[in-house]
Amino acid sequence: MNARSLSRTLLFATALSGGVASAQTVFTVSSWVPPAHTLSTVQKNWCDLLEKESAGRMKCNILPKGVAAAPGTFDAVRDGLADISYTVDGYTPGRFINTQVAEFPFLGNSATATSVAYQRIYSKYFAPLGEHRGVKALAVFTHGPGIIFTTKQPVASAADAAKLKFRIGGGNINELSKAMGWNTTLKPAPESFEMLSTGVMDGTFFPDESVASFKLSMVRHATTFPGGLYNTSFVFMMNQAKYNALSPQDKAVVDKLSGETAARMFGEGWDKVDAASRELQKTQGVTRIVADKAFVKAVMDKQDYLETKWAASAQVKGLQNPKAVLAEFRAEIAKVK
């Protein structure tokens, strides 16, 4: 082989090896809350971990704004408008049934515990039933305990709540509010600031974190419940076709970082910002009260019926012995470290 032929061969080999080295899967990632919100930051942390664990074979392109409003995000990921995102199951009422188990009152005071326990129950019972059919469910998780926040007057009883107008995020709290006779409007979280600042709503149901994240400086009162008045079921997801196209090696990396790993990341992130927001609320002058036994009982009396109603619907969808699954979920929450 002469020098010229050898040179061409070396150039070809170099180009070929360079092409292989540069082969990379890029995921388009969407978030419908601000970049500083814990949902956005944890999603980015997960993406960073994905790139590290895959030695750079996979990375994320995080979009500057969401490809769809929160209620349309599931379909956006399913249809490939984004490869990775998350959504609230309750933003599309009636679409997801089994996941409502994570939305009930009095589940726990830690997003980490409820998220990890929820993931375990989901993997065991709900995933086999195709609850999020159409996408690759990477993880499920919850936020911290739900609280009643108001702008002008405290809520010390069910009767107090009945006099006011509230923004809510959907799911079981929507049904519970109707059962309690409260005046509520189903709207995504990012709309809360305008609704409260203009006086269209008197309050909102949120975890602690949201007062800081959505800059709700007009909030003056908070009513907490042991274990939360409600919770919210989230799904963290990937476009199914994008996942299917990955190599076995890269699928293994995605799977390793999914499930409890991702659920714990979101839960721990939420607990951290909940705590920070409670400190902010002190400087904001937010007065906190704990719901008394009468208020808690009023909620429990209505919730008992809703859990029975849920169990019947879940059984129709194929879940065997839903009440036992709920009991197992509550027991699992207590086990999480």
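Scroll up for the structure.
In this text, all values refer to a predicted model and were calculated from it rather than measured experimentally. (Residues numbered from 1 in each chain as written. Predicted model: local features only at pLDDT ≥ 70, side-chain atom pairs only at ≥ 80, totals over all residues. Heavy atoms only, no water.)

Enquirer: Please provide a residue-by-residue account of the state of the cysteines, values included.
Expert: Here the structure, examined in full by the defined rule, presents 1 disulfide. One disulfide in the model links C47 with C60; its S-S distance is 2.3 Å. Taking the sign of the torsion about the S-S bond as the criterion, the disulfide between C47 and C60, at about -80°, is left-handed. With a gap of 13 residues between them, C47 in helix α2 (residues 38-53) and C60 in strand β2 (residues 58-62) connect regions that are remote in the sequence. Look at C60 and you get buried, because its relative accessible area is 15%. (Disulfide = S-S within 2.5 Å. Helix = DSSP H or I, 4+ residues; strand = E, 2+ residues; numbered from the N terminus. Buried < 20%, exposed > 50% of the residue type's maximum accessible area, 1.4 Å probe, protein only.)

Enquirer: Please set out the sheet that holds strand β9 (residues 221-224) residue by residue, giving values where relevant.
Expert: A sheet is described by the order of its strands in space; here 6 strands give the open sequence β7-β6-β8-β5-β9-β11, paired in mixed fashion. In the strand order of this sheet, the two ends are held by β7 (183-186) and β11 (287-290), each with one partner. On average, each strand axis in the sheet is inclined to that of its neighbour by 25°, with strand direction left out of account. Examined bridge by bridge, strand β6 (residues 165-168) and strand β8 (residues 203-206) share 2 bridges and lie parallel to one another. Each residue of the ladder has a partner; that of R167, found in β8, is T204. Along the sheet, helix α6 (residues 172-180) makes contact with β6, β7 and β8, crossing β6 at roughly 160°. (Pairing = 2+ DSSP bridges. Axes fitted to C-alpha atoms, helices over the stretch in contact; angles between N-to-C directions. Contact = heavy atoms within 4.5 Å.)

Enquirer: Outline the layout of surface pockets, supporting the account with residue identities and numerical values.
Expert: Gaps between atoms show up when a probe of the same size as a water molecule is rolled over them. Estimated volume of the largest pocket: approximately 260 Å³. Lining the largest pocket are 17 residues; nearest its centre among them are G94, Q100, G171, N172 and E175. When contributions to the lining of the largest pocket are tallied by element, the ones reaching two or more residues are α6 and α12 (293-316). For the lining of the largest pocket, the element with the highest residue contribution is α12, accounting for 4 residues. (1 Å grid on protein atoms, 1.4 Å probe; cavity = no way out; pocket = protein on both sides within 12 Å on 5 of 7 lines; lining within 4 Å. Points joined across faces, edges and corners; volume = space filled by probe spheres on them.)

Enquirer: Before we move on, could you go through helix α4 (residues 111-126) and cite the residues and values that matter?
Expert: Helix length check: α4, at 16 residues, gives a terminal C-alpha distance of 20 Å against a target of 22 Å (1.5 Å per residue), a shortfall beyond 12%. Along α4, 12 of the 16 residues are buried, which leaves the element largely enclosed by surrounding structure. Every buried residue of α4 is listed here: A111, T112, A113, T114, S115, V116, A117, Y118, Q119, I121, Y122 and F126. If you follow the buried residues of α4, they end up packed against β4 (135-142), β10 (233-239), α11 (260-284) and α13 (322-335). Where α4 begins, the side chain of S110 points an oxygen toward the backbone nitrogen of T112, at a separation of 3.2 Å. (Expected span 1.5 Å × (residues − 1). Polar contact = N/O pair within 3.5 Å; in protein donor to acceptor, adjacent residues only side chain to side chain.)

Enquirer: So what's going on with the nonpolar core? Which residues, and what values?
Expert: Of all hydrophobic cores here, the largest spans 65 residues; its most connected members are F27, L39, W46, L50, F205, L229 and F236. With 5 residues, the top contributor of residues to this core is α2. Not counting residues within four places of it along the chain, the set of residues in contact with L50 comprises F27, M58, C60, V253, V254 and L257. Of all hydrophobic cores here, the second largest spans 29 residues; its members include Y118, W310, A314 and F329. (Core = buried A, V, L, I, M, F, W, Y, C linked by side-chain atoms within 4.5 Å.)

Enquirer: Residue-level account of empty space enclosed by the protein, with values.
Expert: The tally for this structure, following the rule as stated, stands at 1 cavity of 30 Å³ or more. In this structure, the largest cavity spans a volume of roughly 160 Å³. Looking at the largest cavity, it is lined by 20 residues, and the ones nearest its centre are Y91, H143, A189, F206 and F234. For the lining of the largest cavity, the secondary-structure elements that each account for two or more residues are β8 and α8 (209-213). Class assignment of the residues belonging to the lining of the largest cavity gives a composition of 13 nonpolar, 5 polar and 2 charged. (Nonpolar A, V, L, I, M, F, W, Y, C, P; charged D, E, K, R; others polar.)

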